[in-house]
Amino acid sequence: MSPIPDTLRRAVTEDLLAWFARHRRPLPWRSDRDPYRIWISETLLQQTRTQQAWPYFERFLSRFPTLESLARAELDDVLKAWEGLGYYARARHLHRAAREILLRHGGRIPDRWEALRALPGVGDYTAAAVLSIAYGQDYAAVDGNVMRVLSRVLALPDPIDRASTRRTLRALAQELLPRGQAGEWNQALMELGALVCRPRKPHCASCPLQAVCRARATGRSEAYPIKGARRPVPHYTVVVGLIEDAQGRWLLARRPEGKMLGGLWELPGGKVRSGEELAEALRRELREELGIEVRLGPPVGVVEHTYSHFRITLHGFRCHIQQGTPEGREGQDIRWVAPEEIGHYALARATQKLLAQLAQAPQGELFSG
Ligand code: SF4
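Nothing here was measured: the structure is a model prediction, and the numbers come from that model.

Comments concerning the sheet that holds strand β7 (residues 334-337)
Point 1. Strands sit in the order β3-β2-β7 across an open sheet of 3 strands; the sheet is antiparallel. The open sheet has two free edges, formed respectively by β3 (265-266) and β7, since each of these has just one partner strand.
Point 2. Here strand β2 (residues 250-254) pairs with β7 via 4 bridges, running antiparallel. Residue pairing for β7: Leu251 is matched across the bridge by Trp336.

Digging into the domain arrangement of the protein
Point 1. When cut into domains, the protein gives domain 1 (6-223) and domain 2 (235-366).
Point 2. Computed over C-alpha atoms only, the centres of domain 1 and domain 2 are separated by 37 Å.
Point 3. Tallying the contact residues gives 9 residues for domain 1 and 7 residues for domain 2.
Point 4. With 4 residues, helix α5 (residues 75-82) is the largest single contributor of residues to the side of domain 1 that touches domain 2.
Point 5. Here the side of domain 1 that touches domain 2 is composed, by residue class, of 3 nonpolar, 2 polar and 4 charged.

Focus on the site of the ligand
Point 1. Near the ligand lie 15 residues; those nearest to it are Cys197, Cys204, Cys207, Cys213 and Ser221.
Point 2. At the level of secondary structure, the elements contributing two or more residues to the shell around the ligand comprise α9 (144-153) and α12 (214-218).
Point 3. With 3 residues, the top contributor of residues to the shell around the ligand is α9.
Point 4. For the shell around the ligand, a count of residues per class yields 10 nonpolar, 3 polar and 2 charged.

Some words on the pairing of strand β5 (residues 293-306)
Point 1. Across 11 bridges, β5 lies against strand β6 (residues 311-323) in antiparallel orientation. Looking across to β6, one finds that Glu304 is bridged to Thr313.
Point 2. Linkage of β5 to β6, two consecutive antiparallel strands, is achieved through a turn of 4 residues.

Observations concerning helix α8 (residues 124-133)
Point 1. Within α8, 9 of the 10 residues are buried, leaving the element largely enclosed by the surrounding structure.
Point 2. Among all positions in α8, only Tyr125, Thr126, Ala127, Ala128, Ala129, Val130, Leu131, Ser132 and Ile133 are buried.
Point 3. Looking at the buried residues of α8, the elements they touch are α2 (35-45), α7 (113-117) and α11 (182-195).

Some points on the environment of Glu68
Point 1. Structurally, Glu68 is set in helix α4 (residues 67-71).
Point 2. Judged by local crowding, Glu68 falls into the partly exposed class, with 14 C-beta atoms found within 10 Å.
Point 3. Taking C-alpha positions, Glu68 is 18 Å from Val122, a pair spaced 54 residues apart along the chain.
Point 4. Dropping the residues within four chain positions of it, Glu68 is found in contact with Leu102 and Gly107.

What to know about the sheet that holds strand β1 (residues 235-243)
Point 1. Strand order in the open sheet made by the 4 strands is β4-β1-β6-β5, with mixed pairing throughout. Because the sheet does not close on itself, it has two edges, and the strands there are β4 (269-271) and β5. Along the sheet, successive strands turn relative to each other by an average axial angle of 20 degrees, direction set aside.
Point 2. Direction of pairing for β1 relative to β6: parallel, over a ladder of 9 bridges. The residue bridging His235 from the neighbouring strand is Arg311, located in β6.

With respect to the nonpolar core
The tendency in soluble globular proteins is for nonpolar side chains to be buried side by side.
Point 1. Counting residues in hydrophobic clusters, the biggest one holds 98 residues, and the most contacted among them are Val130 and Leu150.
Point 2. Sort the elements by how many residues they give to this core and α8 lands first, with 7 residues.
Point 3. Both domains that furnish three or more residues to this core are identified here as domain 1 (6-223) and domain 2 (235-366).
Point 4. Setting aside its immediate chain neighbours within four residues, Leu150 contacts Leu169, Leu172 and Ala173.

Comments concerning unusual backbone geometry
Point 1. The step from Tyr224 to Pro225 runs through a cis peptide bond, and the omega angle for that step is -5 degrees.
Point 2. For Pro225, the position within the fold is in the loop between α12 and β1.
Point 3. Here the phi dihedral of Lys201 falls at roughly 45 degrees; this positive angle occurs in a residue that is not glycine.
Point 4. The phi dihedral of Leu261 is positive, around 60 degrees, even though this residue is not glycine.
Point 5. Structurally, Leu261 is set in the loop between β2 and β3.

Section: the environment of Arg152
Point 1. Structurally, Arg152 is set in helix α9.
Point 2. Each C-alpha atom, one on Arg152 and one on Gln187, is 18 Å from the other, the two residues being 35 residues apart in sequence.
Point 3. Residue contacts for Arg152: discarding those within four places in its chain leaves Cys197, Cys213, Ala215, Ser221 and Tyr224.

Remarks on the packing of α8 against α11
Point 1. Viewed as axis vectors pointing N to C, α8 and α11 meet at an angle of 130 degrees, and their least axial separation amounts to 7 Å. As the angle between them shows, α8 and α11 are arranged oblique. Considering how the two elements wind past one another, α8 and α11 form a crossing that is left-handed. Between α8 and α11, the contacting residues are Ala129, Ser132 and Ile133 on the first element and Ala182, Gly183, Asn186 and Gln187 on the second.
Point 2. Across the contact of α8 with α11, the residue classes break down as 3 nonpolar, 4 polar and no charged.

Basis of the calculations
- Sequence order as written defines residue numbering, which begins from 1 separately in each chain.
- Two thresholds apply to this predicted model, a pLDDT of at least 70 for residue-level local features and 80 or more for giving and counting side-chain atom pairs, whereas whole-chain, interface and lining totals are computed over all residues.
- Here, any two strands with at least 2 DSSP bridges between them count as paired.
- Runs of E in the DSSP output that reach at least two residues are strands. Runs of H or I that reach at least four are helices, and both are numbered from the N terminus.
- Domain limits in this description derive from either an automatic procedure or a database domain assignment.
- Contact criterion: two residues are in contact if their C-beta atoms, reconstructed from the backbone, are within 7 Å.
- By the convention adopted, Pro, Cys, Tyr, Trp, Phe, Met, Ile, Leu, Val and Ala count as nonpolar, Lys, Arg, Asp and Glu as charged, and the other residues, Gly among them, as polar.
- Nearness is defined per residue: the C-beta atom, placed using the backbone, must lie within 6 Å of the molecule or strand.
- Exposure criterion: with C-beta atoms placed from backbone coordinates, a residue whose C-beta has 20 or more other C-beta atoms within 10 Å is buried, one with 12 or fewer is exposed, and one in between is partly exposed.
- Interaxial angle, 0 to 180 degrees, is taken between N-to-C directions of lines fitted to C-alpha atoms, where a helix line uses only the stretch in contact.
- Only buried Ala, Val, Leu, Ile, Met, Phe, Trp, Tyr and Cys residues enter a nonpolar core, and they are joined through C-beta atoms within 7 Å.
- Should an angle fall under 35 degrees it is taken as roughly parallel, and over 145 as roughly antiparallel, whereas 65 to 115 is taken as roughly perpendicular and any remaining angle as oblique.
- Crossing chirality is assigned from the near helix's rotation relative to the far helix, an anticlockwise turn below a right angle marking it left-handed and a clockwise turn marking it right-handed.

Following this line, the structure appears as C-alpha cells:
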C-alpha cells in the first residue's frame, strides 16, 4: 500500500471525529459502554438496518437484561424475541455464546481478541467492535459501510467482492485508526456510511471528507465501490401442508439445529423437484418427513420470499391424513398447535406470511376442504 497522504489521514481522522461529535445519533446502545449491550447491538446490526434494529434491541434487552438472563433462557424464547429479523443463526449463536461466557469466563464478556473471537457467531467485525467500543482497544471494525466509505475516498479500482480488496481495506482501516480513539472512530465511519456516504445518492456536499475524496473528484461517487459481475440468484419452489387434527390443531415441524433457520417452526413440506407437480411433491415430502399419506385440499396461499442467497415461492395446501400417524423423521420435533397458540412459536418468516394470507382469506374459501 502506498503511504497515506497527511491531508487524507487528517480528514479521515480529525475531521471525521469532529463531524461525529456534532452529528452522532442518540442510539440506545450508545448510552453507555456496557460490553453486553454493545455485543447485542453489534450482532443485531450485522444484517439489519438501524431503524429496524432499534425496537428489537430494546425488546431484547428488556427480555434478557443481563448476560446471565440470556444464558439461562430457553432457545425458543430467544428465537421468539428475534422473530421477523431474519438471519436466525445470530440469535442461536448469541444464546450459545452467552452460555459459554457464563461457564468459561465467569459471566464477563472476554476483553482479549482470541477469547472473544472463539465464541460462536463472533467474527472479526464483532470482535473488533466490542473490543474497541466497550474496552477502548485499538481494533478497526470494518463493515459494509466502512468498506464503501474507504473505497470511495480512495476511488479503489478493485472489485469489492474480491477477498483481496476487502483485506486491503481492513489493513487500511487499521493503519488509519487514531490510536486510543478506536471506539469513537469506528462508530464515526459507520455513521458517515449510514447517514452521508450512503449506497445511493451520497450527500457529498455535506461530507467532512469531500476535499480529499477521490470518487467525488471523478464526479461518479456512486460508481464506487466497484462491483464484480453479479451471479444469478437461485429460485426454488417449496410446498407445505396445513394439516389439521380432529381438535382443529395444526401440525408444525421444527427445523433442525445446524440448518438454515434452525430451531424455527414451519408447516411441514419441502422443495419441489424438477419436473414434479406441487401435489406430487407435497405427498412425497410428507411421506418422507412424517411417514403419512395425505389427500390434498384447497390451496392456502402462495408467497414469495427472498433469503440472503436465494428466493422461494412457497405454496400451501390444506391436507387430510389418509394413513399413518405423523412422526418426526430422525427425531425432528413436531407439534400439534391450536391456531390461537401459534403466536407463541418462533416461525420462519415465509410461514408467517402464508398464515397471514390464510387469516385474511374468507373462511368458506379456505376451510371448505
Ligand atoms: S465525498 Fe461523497 S463519496 Fe466521498 S466519502 Fe463523502 S459522501 Fe462518500
